Amino acid sequence: FVIPELVQGVDFKKGPYNTEKGNFTTAGWVNFRTRDALDRSFVKLEGGQYDTFRAVAGVDLLGKAGRDKNQSAYLASEYSFTNSYFDNPQNFNRLNILGKYHGHLGSNTNLTLTGSTFWSKWNHSGQIPDRAIESGLIGFFGSIDPSEGGETSRTNVNLQLVTVTPRNHVIKNQLFYSNYNFELFCNFTFFLEDSLNGDQIRQKERRNLFGYNGSYSIENDLGNSRWTTTLGVQYRHDLTKNTELSHTINRTEIIDPIQLGNVNELNAAVYADELIQVSNRFSINAGLRLDFFRNQYEDLLATPVTTKHATAAIVSPKLNLYYTFNPRVQLYLNTGRSFHSNDTRVVVPQGGREILPPAYGSDLGVIFKPFPKLLINAAAWYLWLQQEFVYVGDAGVVEPGGRTRRQGIDVSMRYQITKNLYADIDLNTAKPRAIGELEGQNYLPLAPTFTSTGGLSLQTAKGFSGSLRYRYIGDRPANEDNSIVAKGYFVTDMQANYARKAYNIGLSVQNLFNTRWKETQFATESRLQTEAAPVEEIHFTPGTPFFARLSLTLFF
C-alpha cells in the first residue's frame, strides 16, 4: 500500500538495539517515511512487457498559498495492471489512494494527518517442484495448480502531533488505525493429503488494528556532557473476525474448515531511553522497555464455542557505545535484547508459558573514511534466539524450531569515482546454526550464508541519471542436514533517466542479462497427481526474466 513516488526516505537499522522498537525487532527494522509535501503536481505513465501498465498522479492541493502559511496537502493515486511472465496470466490489479496534510497548529506544534486506501487482486502460479520441470510436465514459468491467487485491501488513518516547548522539550503523539482484509489460495503439497481433490487451502481474515505511540524528550547539560532523556508509551490492539484456514477446490468450494476463530491481541509497552554525549568523542545510549501481551482466541469450530486467553510480559534492555577517534574513524558497540511474538492461535493453548522468547544481539563495528571520497563500514555481529519460529502455512500455525544462533561479518563501501559517478558494495556473511543439535544436522533451512548487493550510480548536471546494480545470494541449506540445497543467484538491474523541468523519461530493466533464477525456494514434501509416493525436494517460484519498462512523468 506504499506508492514508491511518495517515499521521502527509508530509516533502517540492524539488530534489537533501539529502545523505541519492540515486537519483531530481532535481526533489524525498517521504516518508510512518505513526503509531507509535493514539490510539484505530477502525472506518471508506465508501460512494459507482459501487458504491464501503471499510472500514478499526485496533486498539490494548497500550492504557494499553503506554503506561505506553513501548510501543505496533496492527494495521490496509483493503478497497476500486469499479466506478468508466468504461463498462467496473473491478471494482477492494484489501486492505491493516499492523501496527506501537514501544517502548523501553532508556533510550536505540527500536525500531520494521513489517510490511504488500497486494493489488490491477482492469480498466481504458486510454488512448483523441480521434478515437474525436469520431466517436461510444465515449463519453468508453469503451474501445477493454476487456480491459486488472492485478494487484499487495507485502509489506514494516521494522525501525528509534534510539539516543541519553549524549553526545547519535544512531545510526540501518534494515533493510528487500519482495516485489513486478506484472502489467499495456495497449494503447497498438490495431492499429498487429498489424492482426489488436491490440497488447496484458503487463508482468510478481516482485521482491525489501532493504537497509540507517545514520547516525551528532554535535553539537559550536565558539566561538559549533554543528556537526552526520552520516555515513551506504545499501545497496539488487533481484532480479527473469522480468521480462517480451510481446505478448498478451485477457489470456489470449501471441502472442510481446518481453523476458524477470532483473535483479540493487545500489546502495551513503556520505555525509557537515555543518550549521553559524554564528550565530543564519546557517547552512550542506554534504554529499557517493558512489553505486555494479552492474547485471546475464540475457537468457532469447537463445540461449544470456546474462548481462551493468555498473558505474558518481557523486559528488553539496550546498551550502545560510540567512540569517535577523529573525523575519519568511529568505533561502535551495539547490544540489546528484543523478541518476536508468536501467533495467538499457538500462544493460547500454551497458557502463557514461553510465548515471548527473547532474542539477544550485538554488533561491533567501525566506520572508516580513509580519504574524502571513500566510506567503509564493517561490523562483526551475533544474534541468539531462544526460539526460532517457523510458519507452516498449510497447517495455519507457527511451530517452535528451538534455540538458534547466527554470527557473521558485514562490510559496506561507498566510493565517489568521479564528480558524477558513484560506486557501492555490501558484503554479508553469516553462519546460522541450531543449538543443541548434532553437527551436520544443525543447519537452519533457507538462512542465507552469503549475500551481496552493489552497483554504479550516475548523476549529471544535464539531467541524465541512472544505475547498474546487482544482487547476489549464495547457495544455502534447504533442510537441517544440507542434503537439499537452495540454489543461489546473481541478478543485474538497470535504470536510466533523463530529467527536465517539465518532464522525466525513464527506462528500467529487471534482470538485464535474462538470468534464469529461483526466487522463493523451500524443501517441501509433495505428491503430483500421477505419483504413487510423495517426494521431498526444492519447490520454488521463478524469478523475473528480462523485464523492461518505459515511463514518462509530467510536472505541472
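Residues numbered from 1 in each chain as written. Predicted model: local features only at pLDDT ≥ 70, side-chain atom pairs only at ≥ 80, totals over all residues. Heavy atoms only, no water.

Please give an account of the pairing of strand E11 (residues 201-222) that cites residues and values.
Every regular strand shows the same layout, with side chains that alternate between the two sheet faces. Sheet topology places strand E10 (residues 170-186) next to E11; 17 bridges connect them, and they run antiparallel. Note that in E11 the partner of Asn 181 across the bridge is Arg 206. The pairing of E11 with strand E12 (residues 225-249) spans 21 bridges and is classified as antiparallel. Bridge pairing in E12 places Leu 209 opposite Asp 238. In this structure, the hairpin formed by E11 and E12 is closed by a connection of two residues, where Gly 223 is found at a positive phi of approximately 65 degrees. (Pairing = 2+ DSSP bridges. Helix = DSSP H or I, 4+ residues; strand = E, 2+ residues; numbered from the N terminus.)

For the pattern of salt bridges, give the residues involved together with the corresponding values.
Within this structure, the stated rule accounts for 29 salt bridges. With a closest N to O distance of 3.8 Å, Arg 549 and Glu 46 form a salt bridge. Of this pair, Arg 549 sits in strand E31 (residues 547-555) while Glu 46 sits in strand E3 (residues 42-48), placing them 503 residues apart in sequence. We classify Arg 549 as partly exposed; its relative accessible area is 24%. Residue classification places Glu 46 among the buried positions, given a relative accessible area of 16%. For the salt bridge of Arg 94 with Glu 78, the shortest nitrogen-to-oxygen distance reads 3.0 Å. (Salt bridge = Lys/Arg side-chain N within 4 Å of Asp/Glu carboxyl O. Buried < 20%, exposed > 50% of the residue type's maximum accessible area, 1.4 Å probe, protein only.)

Tell me about the environment of Asn 187, residues and numbers included.
Assignment of secondary structure puts Asn 187 in the loop between E10 and E11. On the basis of relative accessibility, which here comes to 6%, the residue Asn 187 falls in the buried class. Filtering out sequence-adjacent residues up to four positions away, Asn 187 remains in contact with Asp 145, Glu 148, Asp 199 and Gln 200. Among the polar contacts made by the side chain of Asn 187, one reaches the main-chain amide nitrogen of Thr 189 at a distance of 3.5 Å. (Contact = heavy atoms within 4.5 Å. Polar contact = N/O pair within 3.5 Å; in protein donor to acceptor, adjacent residues only side chain to side chain.)

So what about the environment of Lys 241? Which residues, and what values?
Relative to the elements of secondary structure, Lys 241 occurs in strand E12. Residue class for Lys 241 comes out partly exposed when judged on its relative accessible area of 45%. When near neighbours in sequence (up to four residues on either side) are disregarded, Lys 241 contacts Glu 205, Arg 206, Gly 261 and Asn 262.

Quick one: what's the story with the side chain of Ser 526, residue by residue and with numbers?
Tracing the backbone through its elements, the reader meets Ser 526 in strand E29 (residues 518-526). Assessed through its relative accessible area of 0%, Ser 526 is described here as buried. Among the polar contacts listed, one links the side chain of Ser 526 to the side chain of His 539, at a separation of 2.7 Å. The residues touching Ser 526, leaving out its near neighbours within four places in the chain, are Arg 131, Phe 188, Thr 189, Phe 190, Glu 531, Pro 534, Val 535 and His 539.

Break down the nonpolar core for me, with residues and values.
The biggest cluster of nonpolar side chains holds 12 residues, and these are Tyr 85, Phe 86, Ile 128, Ala 132, Ile 138, Phe 140, Phe 141, Ala 478, Ile 484, Ala 486, Ile 538 and Phe 540. Each residue touching Ala 132, except ones within four places of it in the same chain, is listed here: Leu 137, Ile 138 and Ile 144. (Core = buried A, V, L, I, M, F, W, Y, C linked by side-chain atoms within 4.5 Å.)

Provide a residue-level description of unusual backbone geometry, including the pertinent values.
For the peptide bond that leads from Thr 303 to Pro 304, omega is -5 degrees, which places it in the cis range. The backbone phi angle of Tyr 50 is positive, close to 60 degrees, even though this residue is not glycine. Tracing the chain through its elements places Tyr 50 in the loop between E3 and strand E4 (52-60). Its identity is not glycine, yet Leu 446 carries a phi of approximately 75 degrees, on the positive side.

Account for the packing of aromatic side chains, with residues named and values stated.
Evaluation of the coordinates by the stated rule reveals 18 aromatic pairs. Taking 4.8 Å as the distance between ring centres and 80 degrees as the angle between the ring planes, the aromatic pair formed by Tyr 323 and Phe 325 counts as edge-to-face. Taking the relative accessible area as the measure of exposure, Tyr 323 reaches 30% and is therefore partly exposed. For Phe 325, a relative accessible area of 39% translates into the label partly exposed. Centroid distance Tyr 360 to Trp 384: 5.8 Å. Interplanar angle 55 degrees. Geometry classified as tilted. You can see Tyr 360 sitting in strand E17 (residues 358-371) and its partner Trp 384 sitting in strand E18 (residues 374-385), a full 24 residues away along the chain. Classification of Tyr 360 as partly exposed rests on a relative accessible area of 36%. Put simply, the rings of Tyr 50, Tyr 85, Phe 86, Phe 140, Phe 141, Phe 540 and Phe 547 pair up and form one aromatic cluster. Of note, Lys 21 hangs over the ring of Trp 29, and the distance from its end group to the ring centre comes to 4.5 Å. Above the ring of Phe 540, the side-chain terminus of Lys 518 is found at 4.8 Å from the ring centroid. (Phe/Tyr/Trp six-rings, centres within 6.5 Å; stacked < 30°, edge-to-face > 60°. Lys NZ or Arg CZ within 6 Å of the ring centre and 35° of its normal.)

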